[in-house]
Amino acid sequence: MWTLESGIKIARKIELVCIPLGFHCAIGGSVLHKGESKKDLDIFIYPHKRNNGEVVSKLLLGLAVLDVVVTNETTHYHYADSKRVVITRIGEKRIDFFIL
């Protein structure tokens, strides 16, 4: 289960990977709104400046340092903005990265 406290802890580590590549991260979803989630932690990755897909790939590789493993990648087509979602695991816990 993810809590707000555990989400902040991992988000701070993710931010250290993001910053050198020109990104930042933010927590969203149930962990932010309810303080916990049994399903996953939603992390939004957004560019500090406009970036291309190659830099996003480098970011995902950089997250491997934190033992983040990509398990699936999809696009949420049912939303008007077609968000790119990378589903990952860190240990037994799921993290969904929304790439903006």
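This one's a predicted model, so the numbers in the text were calculated from it and none came from an experiment.

J.: Give a description of the nonpolar core that names residues and reports values.
T.: Buried together is how nonpolar side chains tend to be arranged in soluble globular proteins. Membership of the largest hydrophobic core comes to 24 residues, with the highest contact counts inside it found for Ile14, Leu41, Ile43, Ile45, Leu63, Ile95 and Phe97. Elements represented by at least two residues in this core include exactly helix H1 (4-18), strand E2 (23-28), strand E4 (41-47), helix H3 (53-62), strand E6 (83-90) and strand E7 (93-99). At five residues, H1 tops the list of elements feeding residues into this core. Discounting residues that sit within four places of it in the chain, Ile45 has contacts with Ile14, Cys18, Phe23, His24, Cys25, Leu59, Phe97, Phe98, Ile99 and Leu100.

J.: An account of the packing of aromatic side chains is needed here, citing residue identities and associated values.
T.: Inspection of the entire model under this criterion finds one aromatic pair. Centre to centre, the rings of Phe44 and Phe98 are 4.7 Å apart; their planes meet at 20°, and the pair counts as stacked. Of this pair, Phe44 sits in strand E4 while Phe98 sits in strand E7, and the two are 54 residues apart along the sequence. Accessibility expressed as a relative area gives 23% for Phe44, which makes it partly exposed. Overall, Phe98 belongs to the buried group, its relative accessible area being 9%. In this arrangement the basic side chain of Lys93 is found over the ring face of Trp2, its NZ or CZ atom lying 4.3 Å from the centre.

J.: Give a description of unusual backbone geometry that names residues and reports values.
T.: A positive phi angle, near 65°, is found at Asp67, a position not held by glycine. Of note, Asp67 is situated in the loop between H3 and strand E5 (68-76).

Parameters at a glance
Residues numbered from 1 in each chain as written. Predicted model: local features only at pLDDT ≥ 70, side-chain atom pairs only at ≥ 80, totals over all residues. Heavy atoms only, no water. Core = buried A, V, L, I, M, F, W, Y, C linked by side-chain atoms within 4.5 Å. Buried < 20%, exposed > 50% of the residue type's maximum accessible area, 1.4 Å probe, protein only. Helix = DSSP H or I, 4+ residues; strand = E, 2+ residues; numbered from the N terminus. Contact = heavy atoms within 4.5 Å. Phe/Tyr/Trp six-rings, centres within 6.5 Å; stacked < 30°, edge-to-face > 60°. Lys NZ or Arg CZ within 6 Å of the ring centre and 35° of its normal.

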